[in-house]
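Residues per chain are reported as follows:
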Amino acid sequence: MTQEPLPFLPFVRPEIDEATIEGVVEVLRSGWITTGPQNQAFEKALSEFCGGRPVRTFNSGTATLEIGLRIAGVGPGDEVITSPASWVATANVILEVGATPVFVDIDPLTRNLDLNLLEQAITPRTKAIIPVYLAGLPVDMDRLYDIARAHRLRVVEDAAQALGSRWRGERIGKLGDIVSFSFHANKNLTTIEGGALVLNNEDEAELARKYRLQGVTRTGYDGMDCDLLGGKYNLTDVAARVGLGQLAQLERFLQKRKTLARAYFEGFATSAARELGVELPVADFENSNWHMFQIVLPLEKLAIDRAGFMQKLHDTYHIGTGVHYPAIHLFTLYRARGFAAGMFPHAERFGASTLTLPLFTLMTERDVARVTAAVNEICEHYGK
Ligand SMILES: *Cc1c(COP(=O)(O)O)cnc(C)c1O
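Residues numbered from 1 in each chain as written. Predicted model: local features only at pLDDT ≥ 70, side-chain atom pairs only at ≥ 80, totals over all residues. Heavy atoms only, no water.

## Describing the nonpolar core
Formally: Take the buried residues of types Ala, Val, Leu, Ile, Met, Phe, Trp, Tyr and Cys, join any two whose side-chain atoms come within 4.5 Å, and each joined set is a nonpolar core. Using a 1.4 Å probe on the protein chains alone, a residue whose accessible area is under 20% of its type maximum counts as buried, one over 50% counts as exposed, and one in between counts as partly exposed. Segments assigned H or I by DSSP are reported as helices when at least four residues long, segments assigned E as strands when at least two residues long, and all are numbered from the N terminus. Here, residues are in contact when the closest pair of their heavy atoms is within 4.5 Å.
In this structure, Phe 42, Tyr 133, Leu 144, Ile 172, Phe 181 and Phe 183 are the most contacted members of the largest nonpolar core, which totals 41 residues. For this core, the secondary-structure elements that each account for two or more residues are α2 (37-49), α5 (141-150), β8 (178-182), β9 (195-198), α7 (237-247) and α8 (250-268). A total of five residues in this core trace back to one element, the largest contributor, which is α5. Non-local contacts of Tyr 133, meaning those with residues more than four positions away in its chain, are made with Asn 112, Pro 138, Val 139, Met 141, Leu 144, Glu 157, Asp 158, Ala 159, Gln 161, Ala 162 and Ile 172. Judged by nonpolar contacts, the second largest core, of 34 residues, contains Ile 304, Tyr 317, Ile 319 and Ile 378.

Structure below.
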């Protein structure tokens, strides 16, 4: 008897329940489909989630970073420090507002900004820091904000992947300066595309509102003014309704992710992969929201490159994987600005050898066992 091939396991897949789909249909039938009551409700729910701080929704987690920088007063002549191990949006927004990106290498264990290297990157032109919480693991927030305060720097947290993560028991978004979340389809909570900014006060929230929609303010029945150059970054009510449906399930999503992450650690506990030198994420079950489970391949000990490893997982085992992320400073746009190989060795090594394994709420622990078995088999077969 020949065995049926196992169904394809993608590395990520959103979970949208029937109640949310019905809610979206209601919005579509309601006659108001762009920014309106669903956004108000979503902003209110997110604000409650973030300890009552003001929240404004946007149509992406890139728009939120860019507007966050503008609200922090970052512009031409300013330097912004960030991590080269992130989605390229993190650095692109610095260029977008006319400022200069300054990269600081990562700590190879946490894969986040190495805070030991932060102070030496600060100059008189430094205006802000964008820490990135890769895979949902925050940096040491006490240390980060001690440094920021000591040097009078603004912080725009790239918490795109960190909704539901915690620091000292408090949710990311409840603490800190300006916090940016993304609700892209692959994130822990999705609005298909979208994002939100958590702000310090009503003045900043008002600025966010203006930047979001052409800088326009309306008064009375027919009054309109435009006193600042805004853009077009508002979230539709259809998207906000998806977000409300997701937020209602976030706690369950987070628990499920934790369970799957634990299964990964168990699957790799004593394994061919670990013996060969495959690196696992920090096992932080207090703070991480387990947005991703990323391993680092010991390429020097493998007779197969990362692309081959991914292809093998795909073709032989029907398992999808991803790469998050190649080091930003090695992209053409950044090389053209003077960055080069060798400047941030940990980010470069991570970017060249990391592999994101499947982790999403619709998976089972058996799926995890299937992935760890496949990774172990490939390591056994190609290990040198
Ligand atoms: C997803 C993501 C962004 C950008 O968010 P979008 O909603 O895709 O614009 C920025 N930074 C990080 C670290 C991300 O993961």
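## Focus on the pattern of salt bridges
Note the following rule: Each salt bridge in this description consists of a side-chain nitrogen of Lys or Arg and a carboxyl oxygen of Asp or Glu lying within 4 Å of one another.
A complete count under the given rule lists 14 salt bridges for this structure. Among the salt bridges present, the one from Arg 56 reaches Glu 202, with a minimum N-O distance of 3.8 Å. With Arg 56 in strand β1 (residues 55-58) and Glu 202 in helix α6 (residues 202-212), this pair connects stretches of sequence that are 146 residues apart. Exposure remark for Arg 56: the relative accessible area of 17% places this residue in the buried category. The salt bridge involving Lys 210 is made with Asp 227; its shortest N-O contact spans 3.0 Å. With a gap of 17 residues between them, Lys 210 in helix α6 and Asp 227 in the loop between β11 (223-226) and α7 connect regions that are remote in the sequence. Taken together, the shared-partner salt bridges connect Arg 154, Asp 177 and Glu 204 into one network.

## Structural notes on the site of the ligand
The criterion, for reference: Near, as used in this document, describes a residue that has one of its heavy atoms within 4 Å of the molecule or strand being considered. Polar contacts, as counted here, are pairs of nitrogen or oxygen atoms within 3.5 Å of one another; within protein the pair requires one atom able to donate a hydrogen and one able to accept it, and residues that are adjacent in sequence qualify only if both atoms are side-chain atoms. Throughout, the Shrake-Rupley method with a 1.4 Å probe supplies accessible areas, and for residues the shown protein chains are the sole cover considered. Throughout this entry, Asp, Glu, Lys and Arg are counted as charged residues, while Ala, Val, Leu, Ile, Met, Phe, Trp, Tyr, Cys and Pro are counted as nonpolar. The remaining residues, Gly among them, count as polar.
Close to the ligand lie 15 residues, the nearest being Gly 61, Thr 62, Asp 158, Ser 182 and Lys 187. Separating an oxygen atom of the ligand from a side-chain N or O atom of Thr 62 is a distance of 2.5 Å. When the ligand is considered free in solution it has 380 Å² of accessible area, and contact with the protein chains removes 94% of it. Counted by class, the shell around the ligand contains four nonpolar, nine polar and two charged residues.

## Description of the domain arrangement of the protein chain
Operational definition: Source of the domain bounds: an automatic or database domain assignment. Two parts lose some accessible area (1.4 Å probe) when they are put together, and adding that loss for both gives the buried area.
If you check the domain split of the protein chain, you get domain 1 (18-247) and domain 2 (250-382). The centre of domain 1, based on its C-alpha atoms, is set 26 Å off from the matching centre of domain 2. Each partner contributes to the interface: domain 1 provides 39 residues, whereas domain 2 provides 36 residues. Considering only the surface of domain 1 that becomes buried against domain 2, Phe 103, Arg 111 and Asn 188 emerge as the three largest contributors, covering 23% of it. Put simply, domain 1 and domain 2 have one salt bridge between them. The interface formed by domain 1 and domain 2 holds 19 residue pairs in polar contact (both at pLDDT 80 or more) in total.

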